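# Structure assessment
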Amino acid sequence: MGTAVVDYFRRADGLLSSDYFGQTTFVGSGDFARIVQKPQLKKVTLGMLCKTEKQGTADAMAASTGREECDHALHLVDLINDKTDGFLDDLLPGVQLSVVEAKIGCVNDLGESAVASVRAQSPADPVAIFGTICSNDVMDISEADFRARVGWEGVVLSGSSTAPSAAQESRYPKLARFATSEVHVSRGCASLAKQWGW
């Protein structure tokens, strides 16, 4: 009986939506076969700003360090999206991340064009833009006036911005930085110098 039901649904052309079989899996066999509904995948678009162009371009090959940082981020997104490899499988269940990339450089006044490029390439407005974005660029694209002018309210995530001036949350809303502020780094260096008599 179970096999017949599974076979019926496998052949039920036109009765189910075209993406039904991508969202289901058949478990077991024979009389114990059953259909298990997979969770509906929510597609989330992220923007990634890199210091170089996309892979394979002369610009990317000339600046391999900046490219490598973005390639690592793309690899991590692939790992998050793969829910079968045993690594980060419980992170963002039911979410499929897609990444749209643009070049921002570092203090090249490319912030506005990079955000515009990411938004133009995205199927939906990105919920966040991330990358190893320099402090000046972080402030340019997260600044409240810029956001109001271009109509984008997503989160900006930077792994390299350390400028203390970017800590003004009212001026730079929805900004998260994963690098320690220069204020704290300099205090730590001063403390070490004092401790060791340097």
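Residues numbered from 1 in each chain as written. Predicted model: local features only at pLDDT ≥ 70, side-chain atom pairs only at ≥ 80, totals over all residues. Heavy atoms only, no water.

## Quick look at the state of the cysteines
The criterion, for reference: Any pair of cysteine sulfurs within 2.5 Å is marked as a disulfide. Secondary structure elements follow DSSP: runs of H or I no shorter than four residues count as helices, runs of E no shorter than two count as strands, and numbering proceeds from the N terminus.
Applying the stated criterion to the full structure yields 2 disulfides. A sulfur-sulfur separation of 2.0 Å characterises the disulfide bridge that pairs Cys50 with Cys70. The chirality of the disulfide connecting Cys50 with Cys70 is left-handed, given an S-S dihedral of about -125°. In this pair, Cys50 sits in strand 3 (residues 42-50) while Cys70 sits in helix 3 (residues 64-81), placing the two residues 20 residues apart along the sequence. The side chain of Cys106 participates in a disulfide bridge whose partner is Cys134; the two sulfur atoms lie 1.8 Å from each other.

## Examining the pattern of salt bridges
For clarity, the cut-off: Any Lys or Arg side-chain nitrogen located within 4 Å of an Asp or Glu carboxyl oxygen qualifies as a salt bridge. Burial here depends on accessible area, computed with a 1.4 Å probe over protein chains only, as a share of the maximum for the residue type. Under 20% is buried, over 50% is exposed, and the range in between is partly exposed.
Counted according to the given criterion, the structure contains 6 salt bridges. For Glu101, the salt bridge identified is with Arg67, shortest N-O distance 2.5 Å. A residue pair is termed long-range when its members are at least 10 positions apart, and Glu101 in strand 4 (residues 95-103) and Arg67 in helix 3 qualify at 34 residues. By relative accessible area, Glu101 is classed as buried at 9%. Take Arg67: its relative accessible area is 4%, and that puts it in the buried class. One salt bridge connects Arg119 with Asp125, and the closest N-O pair in it is separated by 2.8 Å. Residue classification places Asp125 among the partly exposed positions, given a relative accessible area of 38%. Overlapping salt bridges, with partners in common, bring together Arg67, Asp71 and Glu101 in one network.

As far as function goes, none of this settles anything; it's purely spatial.
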